Amino acid sequence: MLIKRGSSGYLPSIFDAFFNDSAEISEQSVLFTRPDFNVYETDKEFVVEAAVPGLEKKDFNIEVNDNVLQISSEKEIKEFQLKAKKYPIDPVVAHIAYLPNLAAQDESMYTKSIQSFGIEIKRCKILGIPYLVIHSGSYKGGSFEEGFNTYVDSIMKGIELAEGQVQILIENTGGEKNSITDKFENIERVLNEIGDHKSIGTCFDICHGFVAGYDMRDERKVNHTVEAIDSTFGVNSIKVIHANDAKGELGSNLDRHEHVGLGNIGEKGFKALINHPK
């Protein structure tokens, strides 16, 4: 369970919908109640109070990171795993939040980003989620090489924490300023620097690739882009595809997604992508 502190109060995470929880959210001292526990806020901390005889605080996994409180009971964890097996969602994939910057040159931002990254990995391990998608971040305030080295070092820390239970997937970016993984050659270099291809892979975002300059609007252009991927970081490294059309033009670096077939890649491009033999 995630509770985020914000101007509009405390909001439950999307996991609530998954588990059909009926958490009551309030801006009073009682943040919410459930059949198994209540959560209170004091001036200094979050307090979890078991509402069922026999349950204690130790029965819940509790993480507090900045303004985010995470609570997961063993029941929730088992229920998630059972539903993941029951429904045809395979594999289950997690995506890191947008704020962590694993290439950050600011010490405070980097420390918070690594902390958040670590919590995401722990959560995947607890829930049995095999893949975690990460962004390249921004090296603002430093050089490309400094940002690149920071990014690789961050991933190495993540791999150590994952202990072979979670594969970290690098997502290509749309070429925003100070980004690292917009060019296929840079993704290849990250993979080569790390070397452990069992612990790392890639997530290919079609929109990002297009606005970064890789054309996919017809069969010939799709073939050319797939060849570019295979000659660098490799098609076999791709574990997840973000199938998004693009509002931006080719090479515009505008990261704005559109519904499939309605953007500048179009139906013709997606038909070629979906039917590509690789």
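Residues numbered from 1 in each chain as written. Predicted model: local features only at pLDDT ≥ 70, side-chain atom pairs only at ≥ 80, totals over all residues. Heavy atoms only, no water.

1. Points about the layout of surface pockets
Looking at the second largest pocket, its volume works out to about 320 Å³. Val-226, Ile-241, Leu-273, His-276 and Lys-278 are the residues nearest the centre of the second largest pocket, which is lined by 15 residues in total. Listed by contribution, the elements that provide at least two residues to the lining of the second largest pocket are helix H7 (219-230), strand S12 (238-242) and helix H8 (266-274). Sorting elements by how many residues they give to the lining of the second largest pocket places H7 first, with four residues. Of the residues in the lining of the second largest pocket, the class split is 12 nonpolar, two polar and one charged. (1 Å grid on protein atoms, 1.4 Å probe; cavity = no way out; pocket = protein on both sides within 12 Å on 5 of 7 lines; lining within 4 Å. Points joined across faces, edges and corners; volume = space filled by probe spheres on them. Helix = DSSP H or I, 4+ residues; strand = E, 2+ residues; numbered from the N terminus. Nonpolar A, V, L, I, M, F, W, Y, C, P; charged D, E, K, R; others polar.)

2. Quick notes on the pattern of salt bridges
Side chains carrying opposite charge are able to pair once their charged atoms draw close together. One pass over the full model with this rule turns up 10 salt bridges. The closest approach of N and O atoms between Lys-183 and Asp-182, which form a salt bridge, is 3.7 Å. Measuring nitrogen to oxygen at the nearest pair gives 3.6 Å for the salt bridge that ties Asp-215 to Lys-221. By relative accessible area, Lys-221 is classed as partly exposed at 21%. (Salt bridge = Lys/Arg side-chain N within 4 Å of Asp/Glu carboxyl O. Buried < 20%, exposed > 50% of the residue type's maximum accessible area, 1.4 Å probe, protein only.)

3. Things to note about the packing of aromatic side chains
Applying the stated criterion to the full structure yields five aromatic pairs. Ring plane angle 90° and centroid distance 5.8 Å describe the contact between Tyr-139 and Phe-144, whose orientation is recorded as edge-to-face. Residue Phe-144 is classed as partly exposed on the basis of its relative accessible area of 23%. An angle of 5° between the planes, with centres 3.6 Å apart, marks the rings of Phe-184 and Tyr-214 as stacked. Taken as a pair, Phe-184 in helix H5 (residues 184-194) and Tyr-214 in the loop between helix H6 (206-211) and H7 lie far apart in primary sequence, 30 residues in all. A relative accessible area of 1% means that Phe-184 is categorised as buried. With a relative accessible area of 17%, Tyr-214 lands in the buried category. (Phe/Tyr/Trp six-rings, centres within 6.5 Å; stacked < 30°, edge-to-face > 60°.)

4. Considering the environment of Val-235
With respect to the secondary-structure elements, Val-235 resides in the loop between H7 and S12. Apart from residues lying up to four places away in sequence, Val-235 is in contact with Val-226, Ile-229, Asp-230 and Lys-278. (Contact = heavy atoms within 4.5 Å.)

5. Re helix H4 (residues 144-162)
The end-to-end C-alpha distance of H4, which contains 19 residues, comes to 27 Å, matching closely the 27 Å that a straight helix rising 1.5 Å per residue would cover. Considering only its buried residues, H4 is in contact with helix H3 (107-127), strand S9 (131-134), strand S10 (167-171), H5 and strand S11 (200-205). (Expected span 1.5 Å × (residues − 1).)

6. A short note on the nonpolar core
In a soluble, globular protein the nonpolar side chains are often hidden away together inside. Residues Phe-117, Leu-132, Ile-134, Tyr-151, Ile-155 and Val-190 are the most contacted members of the largest nonpolar core, which totals 48 residues. Counting residues in each nonpolar core, the second largest holds five residues, with Tyr-131, Val-133, Cys-203 and Val-240 among its members. (Core = buried A, V, L, I, M, F, W, Y, C linked by side-chain atoms within 4.5 Å.)

7. Some points on the packing of H3 against H4
Angle between the axes and distance between the axes are the two parameters that describe a pair of packed helices. Put simply, H3 and H4 touch, their axes get as near as 10 Å, and they point 30° apart. Between H3 and H4, the angle falls in the class roughly parallel. H3 and H4 meet at a crossing whose hand is right-handed. Contacts between H3 and H4 involve Tyr-110, Ile-114, Phe-117, Gly-118, Ile-121, Lys-122 and Lys-125 from the first element and Thr-150, Asp-153, Ser-154, Ile-155, Lys-157, Gly-158, Leu-161 and Ala-162 from the second. Its residues placed into classes, the contact of H3 with H4 shows seven nonpolar, four polar and four charged. (Axes fitted to C-alpha atoms, helices over the stretch in contact; angles between N-to-C directions. Parallel < 35°, antiparallel > 145°, perpendicular 65-115°, else oblique. Left-handed = near helix turned anticlockwise from the far one by under 90°.)

8. Some details on the side chain of Glu-171
Position of Glu-171 relative to the elements: it lies in strand S10. With no salt bridge to any partner, buried Glu-171 finds its closest opposite charge in Arg-256, at an N-O distance of 12 Å. At 3.0 Å, the side chain of Glu-171 forms a polar contact with the side chain of His-95. Here the side chain of Glu-171 touches His-242 through a polar contact of 3.4 Å, side chain to side chain. With residues near it in sequence (within four places) discarded, Glu-171 still touches His-95, Val-133, Ile-134, His-135, Thr-181, Cys-203, Asp-205, His-208 and His-242. (Lys, Arg positive; Asp, Glu negative; His and termini not counted. Polar contact = N/O pair within 3.5 Å; in protein donor to acceptor, adjacent residues only side chain to side chain.)

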